[in-house]
Amino acid sequence: MSELVFKPALELGRLLKKKKLSAMELLGECLTQYARHNDAINAVILTDLSRGRAAARASDKRLAAGEALSPFDGVPMTAKESFDWQGHPSTWGDPAMVDNIAQKNAVALQRMLDAGAVMYGKTNVPLALADWQSFNDVYGTTNNPWDVTRTPGGSSGGSAAALATGMTALEIGSDIGASIRNPAHYCGVYGHKPTYGVVPYRGHLMPGSVSISDITVAGPLARSSKDLTAMMGLLAGTEGIEAHGLQVKLPKPPFATLKDLRVAVKLNSPVSDVDQAYQNRLIALGEFLKKKVKKLTYEAAPAFSDEEVYENYITLLRATATKRMSDAEIDAAVQKARTFDPGDKSYVPLMTRAFALSHGAWLRANERRHQMAQIWDQFFGDWDVLLCPAAASAAWPHDQKGERHERYIPVNGKQVSTIDQRFWAGYSGNFYLPSTIAPIGLTPAGLPVGVQIVARAYGDLTALKVAEWIEEEFGGFVAPPGY
């Protein structure tokens, strides 16, 4: 039965509907994986088994009556710890928030529950969701199932690790700096960063906050691209005030077959060098697709520099943090920003200037961001998708010393800042574009890597369809050894 827990969620839903097994049995199989492996991985950090079993029993009654709520009725799921689950804490990994008990479910989570998904637990995150590793003083460290000495990614690291080990079949995460994308890439699963605003974010906010920050989105993770597509069918749509007048209707892909597809591939960047072992997998995918698509190029890219993208992204990304900063902290940033050479575009000066940004300066940075978004949209008049890395390398060894920007990872024989690879997060995320991560094989070191599939704004179904074709034609999820 261990192979059962690695099947795509849609396939599990079909087995349930055909009464090949029950929701209670399927939940039991996932809980067996949890019991066997969670001590070593620490992906699922909070459980409510009585609630999960009650949900499974309710699913079995509906399935027996032929009244399934969705293709996922009876399928086990977990959710990122920061999503509100009524009656349980949303700590964001912060000991000061252990008493932050959710009064109701996050909207995205509620939509999955309304579809009959069987929620039994929450998965680990870094402190304040602010790392590409997943460790905190509340729940400890989550390990990568492919190599427990390495990070599973962050901030949805527990989500990806739980999926990769068969502890769950469905997950929801969030992404402002590749927090869905890099865990999917590091753990060999699928993740989708939707177009900004398409999936409701409410119920995934710090206490006392009701406004949604710039850039950040909620979205699905799973073990199959088709699962992501089906989840987006449930998750997408406005809520609250916006729902009084706005609806979401994502357009169908503008192509019918793989041979109609126009593909641009970006392998590397002067801002963030990509490890050659990872590039080789991207090249293998590109050369495979070249024989099957209408046209493919390694040369085309939007008409702006990578350096400008990085500077603009870090400026707007770090500016979002000022919502939680005190006036004294902002004043200190203003003073510190004056000590840097104006031409210094390294991370700490960019971050400090973002903390010190005047409203006028933010508006100018935002204006340039939207000008570049127009250039992206023109680019997608010629190309359906752009394929690029999700990060600079495969998963890297745990490093919890100091600040994030003080840590280094090995790339092509050199030690480089972990922060540089944020370029690959902002390349699409800063412009609100949808991006899907699909696994594309293993490096010679036996670590999974994924391709980032970027489409034009609201082209979520385009990116997802390309991920489906890659899964069908090139390869998809593979379970890590030993699970």
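Parameters at a glance
Residues numbered from 1 in each chain as written. Predicted model: local features only at pLDDT ≥ 70, side-chain atom pairs only at ≥ 80, totals over all residues. Heavy atoms only, no water. Helix = DSSP H or I, 4+ residues; strand = E, 2+ residues; numbered from the N terminus. Rg over C-alpha atoms; globule rule 2.2 N^0.38 Å. Buried < 20%, exposed > 50% of the residue type's maximum accessible area, 1.4 Å probe, protein only. Contact = heavy atoms within 4.5 Å. Areas by Shrake-Rupley, 256 points an atom, 1.4 Å probe, with all protein chains shown as cover. Lys, Arg positive; Asp, Glu negative; His and termini not counted. Charge placed at Lys NZ, Arg CZ, Asp CG, Glu CD. Pairing = 2+ DSSP bridges. Axes fitted to C-alpha atoms, helices over the stretch in contact; angles between N-to-C directions. Parallel < 35°, antiparallel > 145°, perpendicular 65-115°, else oblique. Left-handed = near helix turned anticlockwise from the far one by under 90°. Nonpolar A, V, L, I, M, F, W, Y, C, P; charged D, E, K, R; others polar. Phe/Tyr/Trp six-rings, centres within 6.5 Å; stacked < 30°, edge-to-face > 60°. Lys NZ or Arg CZ within 6 Å of the ring centre and 35° of its normal. Salt bridge = Lys/Arg side-chain N within 4 Å of Asp/Glu carboxyl O. Arc of directions from axis to C-beta. Polar contact = N/O pair within 3.5 Å; in protein donor to acceptor, adjacent residues only side chain to side chain. Core = buried A, V, L, I, M, F, W, Y, C linked by side-chain atoms within 4.5 Å.

## Here's the deal with the overall build of the protein
Here's step 1: What the protein contains, in helices and strands, is 14 helices and 15 strands.
Here's step 2: Its C-alpha radius of gyration of 21 Å places the protein within 12% of the 23 Å reference for a compact globule of 483 residues.
Here's step 3: The proportion of buried residues among the 483 residues of the protein is 58%.
Here's step 4: Pairs at least 24 residues apart make up 76% of the contacts formed inside the protein by residues separated by at least 6 positions.
Here's step 5: Per element, the accessible surface of the protein, about 18800 Å² overall, is 52% carbon and sulfur.
Here's step 6: Computed over 50 positive and 50 negative side-chain charges, the separation of the two mean positions in the protein equals 5 Å.

## Some points on the sheet that holds strand β2 (residues 76-80)
Here's step 1: Sheet architecture is open: 3 strands sit in the order β1-β3-β2, paired in mixed fashion. Two strands close off the open sheet at either side, each with one partner strand: β1 (44-47) and β2. Across the sheet, the mean angle from the axis of one strand to that of its neighbour is 40°, orientation sign disregarded.
Here's step 2: When β2 meets strand β3 (residues 118-123), the two strands line up parallel, connected through 5 bridges. Looking at the pairing, M77 lines up with M119 of β3.
Here's step 3: On the sheet, helix α2 (residues 23-41) packs against β1, β2 and β3 and is oriented at approximately 20° with respect to β3.
Here's step 4: Along the sheet face, helix α3 (residues 49-64) touches β1 and β3 and points at about 150° away from the line of β3.

## Let's talk about the packing of helix α10 (residues 327-337) against helix α11 (residues 347-355)
Here's step 1: Running from N to C, α10 and α11 cross one another at 135°; their axes reach a closest spacing of 8 Å. As judged from the angle between their axes, α10 and α11 are oblique. The crossing of α10 and α11 is left-handed. Contacts between α10 and α11 involve I330, A333, K336 and A337 from the first element and V348, T352, R353 and F355 from the second.
Here's step 2: Along the lines of polarity and charge, the residues of the contact of α10 with α11 split into 5 nonpolar, 1 polar and 2 charged.

## Some words on the packing of aromatic side chains
Here's step 1: With the rule as written, the count across this model stands at 15 aromatic pairs.
Here's step 2: When the centroid spacing of 6.2 Å and the interplanar angle of 25° are considered together, the rings of F6 and F477 count as stacked. Of this pair, F6 sits in the segment before α1 (9-17) while F477 sits in the segment after α14 (460-473), and the two are 471 residues apart along the sequence.
Here's step 3: Through a chain of ring-to-ring contacts, three or more aromatic side chains come together here, namely F304, W376, F379, F380, F423, W424, Y427 and F431.
Here's step 4: The lysine or arginine in question, K295, covers the ring of W383, its NZ or CZ lying 4.7 Å from the ring centre.

## Brief notes about the pattern of salt bridges
Here's step 1: Tallied over the full model, the rule gives 17 salt bridges.
Here's step 2: The salt bridge partner of K290 is E287, with a shortest N-O separation of 3.4 Å. With K290 and E287 both in helix α8 (residues 276-290) and 3 residues apart, the pair spans about one turn of that helix.

## Thoughts on helix α7 (residues 225-235)
Along an α-helix, residues three or four apart share an orientation, since each turn contains 3.6 residues.
Here's step 1: Restricting attention to buried positions, one finds in α7 the residues S225, D227, L228, M231, M232 and L235. With its buried residues spanning 145° around the axis, α7 presents them on a single face.
Here's step 2: Capping of α7 at its N-terminal end is provided by S224; its side-chain oxygen lies 3.3 Å from the backbone amide nitrogen of K226.
Here's step 3: Of the residues one or two after α7, G237 is the one with positive phi, at around 140°.

## Regarding the nonpolar core
Here's step 1: By size, the foremost hydrophobic cluster in this structure holds 140 residues, and its most contacted members are I172 and I453.
Here's step 2: Residues contacting I453, with those up to four places away along its chain left out, are V385, L386, L387, P434, S435, T436, A438, A463, V466, A467 and I470.
Here's step 3: By size, the runner-up hydrophobic cluster in this structure holds 5 residues, among which are W92, M97, V125 and L129.

## Digging into the sheet that holds strand β14 (residues 435-442)
Here's step 1: In spatial order, the strands read β6-β8-β7-β14-β15-β11-β9-β10; together these 8 strands make up an open sheet with mixed pairing. The strands lining the two open edges of the sheet, one partner per strand, are β6 (171-175) and β10 (295-297). Within this sheet the neighbouring strands show an average axis-to-axis angle of 25°, counted without direction.
Here's step 2: Taken together, the 4 bridges between strand β11 (residues 385-389) and strand β15 (residues 448-454) define a ladder with antiparallel strand orientation. Following the sheet pairing, L387 is matched in β15 by I453.

## A short note on α11
Here's step 1: Of all 9 residues that make up α11, 7 are buried, and the element is covered over most of its length.
Here's step 2: Where α11 is concerned, the buried positions are Y347, P349, L350, M351, T352, A354 and F355.
Here's step 3: Residues of α11 that are buried sit in contact with α9 (306-319), α10 and α13 (422-429).

## As for the environment of S213
Here's step 1: Along the polypeptide, S213 turns up in the loop between β7 (190-193) and β8 (217-222).
Here's step 2: Separated by 26 residues in the primary sequence, S213 and C187 place their C-alpha atoms 27 Å from one another.
Here's step 3: In this view, S213 contacts Y196 and K323; residues no more than four positions away in its chain are not counted.

## A short note on unusual backbone geometry
Here's step 1: A cis amide bond links G154 to the next residue, S155, at an omega of 10°.
Here's step 2: Checked against the element boundaries, S155 lands in the loop between β5 (140-141) and α5 (157-164).
Here's step 3: The phi torsion at L129 lies on the positive side, around 60°, for a residue other than glycine.
Here's step 4: Summarising the element assignment, L129 is placed in the loop between β3 and β4 (135-136).
Here's step 5: Judged by its relative accessible area of 13%, L129 is buried.
Here's step 6: The phi angle at A178 is positive, at roughly 80°, despite the residue not being glycine.
Here's step 7: Relative to the helices and strands, A178 resides in the loop between β6 and α6 (181-187).

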